[in-house]
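Structural overview for review
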Amino acid sequence: MGDLLRGSGRHSLSDRLGLANSAMALVTLIIAGGIAYLALSRQLDEQGMEELRSKAQALAHILSEISEPLSGAAGQHQLRSALFGHEDLHLLVMDARDGRPHFASSALAEASSGPTRSAVPGPDPVLWSIRPAYPVASIVVSGSTARRDQVRAVLSLDRSRDHRLLAEFIWGSAFSFSIFWVVLLVGSWWIARIELAPLVRFSDMAVRIRAGSLSHRLETHDLPGDLAVLGAEFNAMLARIEEGMRRMANFSADLAHELRTPIGILYGRTQVALSRTRSKEELRRVLEDNVLELERLSRLVTDMLFIAQDDDGSAVAAMTPLDLR
């Protein structure tokens, strides 16, 4: 037990408590990180979709006010002005009848015609990817210009920045959680060692106790409440063992004294009888006297057995009630 509490065993109690606490903390951190990731991802999704929808509504209004041909420099300038300050937005404007492109702000805008070909104009976005690292959300807007040109516009939001932010959040959280978990592991182990120090004192006390050193007692005034009760019971156990050993020592001394007299009588009487030739009557009297001493020894042994039964409680268990009336 001492080796176990001091950590020299295979797995000490402080090590197990430290690992258990740090494992629970790690699970809590993982759950908290997962919840934070989902909350951030949902927030970014809602923010991106809201930006895309609001910009799509503004685009429909801008298209309705363009009085210049969309393929001309003035029309192109108005469309580019609509995207100013929004680097993540990409616009493709096509003729609604034949699909001929009038304006494309980027290669991503040109690529959006394929995934949105069958999409219905409206507020619901179409999610697609131009490359694995570049997820895109697009909204199809249909309308007409001031010149009554029917157009179909695809407004796309490059969401790769949001995905990079989520990836950085995962790596940053993993790094910080690892450091935090190591701190928790060391701290939990250190706290467990401090809190289990009283148990080491219990172990040291158990190691020092021998048959002749039962007077040792454990100091309980500075122990925690739960361990103070255990310490008091431990001291009470030592007191009972010490009392039992004292009674056993006294009993052994009394037993030796009681056995010495009849054994001495038997030994002396037998030596006297054997010192010279005796008649049959004399030997008979010696044997009769020896029988009396042997009966005394037998009663003494019976009394010893009774006392032994009384010590272990079996004599009390054998008692039965008696009606004194």
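Below is a summary of the structure that appears in this document. Small disclaimer: the values here were computed from a predicted structure and weren't measured. (Residues numbered from 1 in each chain as written. Predicted model: local features only at pLDDT ≥ 70, side-chain atom pairs only at ≥ 80, totals over all residues. Heavy atoms only, no water.)

With that out of the way, let us pick up the packing of helix H2 (residues 13-65) against helix H5 (residues 160-195). Following both chains from N to C, one finds H2 and H5 inclined at 160 degrees, their axes separated by 8 Å at the closest point. As judged from the angle between their axes, H2 and H5 are roughly antiparallel. You can see that H2 and H5 cross each other, and the crossing is right-handed. Tallied by class, residues from the contact of H2 with H5 come to 21 nonpolar, seven polar and three charged. (Axes fitted to C-alpha atoms, helices over the stretch in contact; angles between N-to-C directions. Helix = DSSP H or I, 4+ residues; strand = E, 2+ residues; numbered from the N terminus. Parallel < 35°, antiparallel > 145°, perpendicular 65-115°, else oblique. Left-handed = near helix turned anticlockwise from the far one by under 90°. Nonpolar A, V, L, I, M, F, W, Y, C, P; charged D, E, K, R; others polar.)

What follows concerns H5. Its 36 residues give H5 an end-to-end C-alpha distance of 51 Å, which sits within 8% of 52 Å, the value for a rise of 1.5 Å per residue. Among the residues of H5, Ser160, Asp162, Leu166, Ser173, Ser188 and Ala192 are the ones counted as buried. Turning to H5, the residues buried within the fold contact H2, strand S4 (134-144) and strand S5 (150-158). (Expected span 1.5 Å × (residues − 1). Buried < 20%, exposed > 50% of the residue type's maximum accessible area, 1.4 Å probe, protein only. Contact = heavy atoms within 4.5 Å.)

Further remarks concern the nonpolar core. The biggest cluster of nonpolar side chains holds 20 residues, and the ones touching the most others in it are Leu52, Leu63, Leu79, Leu91, Val93, Ala153 and Leu155. Looking at this core, the elements with two or more residues in it are H2, strand S1 (89-95), S4 and S5. Of all the elements, H2 adds the most residues to this core, at five residues. When near neighbours in sequence (up to four residues on either side) are disregarded, Val93 contacts Leu70, Leu79, Arg100, Pro101, His102, Phe103, Val151, Arg152 and Ala153. If you look at the next biggest cluster of nonpolar residues, it comprises six residues, including Leu92, Met94, Ala109 and Ala119. (Core = buried A, V, L, I, M, F, W, Y, C linked by side-chain atoms within 4.5 Å.)

Glancing now at the environment of Met304. Looking at the element boundaries, Met304 is found in helix H8 (residues 280-311). Residue class for Met304 comes out partly exposed when judged on its relative accessible area of 22%. In the structure, Met304 is positioned 49 residues away from Leu255 in sequence and 8.3 Å away in space, judged by C-alpha atoms. Ignoring sequence-local partners within four residues, the contact set of Met304 consists of Phe251 and Leu255.

Once that is clear, we can look at the environment of Val286. Tracing the chain through its elements places Val286 in helix H8. By relative accessible area, Val286 is classed as buried at 18%. With 20 residues separating them in the primary sequence, Val286 and Leu266 have C-alpha atoms 9.3 Å apart.

All right, on to the sheet that holds strand S3 (residues 126-131) then. Spatial strand order, S2-S1-S5-S4-S3: five strands in an open sheet with antiparallel pairing. Strand pairing shows two members of the sheet lacking a second neighbour, strand S2 (101-104) and S3, which therefore form its edges. Here the strands of the sheet are splayed against their neighbours by 25 degrees on average, with no regard to which way each runs. Note: S1 against S2, three bridges, orientation antiparallel. (Pairing = 2+ DSSP bridges.)

With respect to the secondary-structure elements, Ser22 resides in helix H2. Here Ser22 falls in the buried class, since its relative accessible area comes to 0%. Setting aside residues no more than four positions away along its own chain, Ser22 makes contact with Trp181, Leu184, Leu185 and Ser188.

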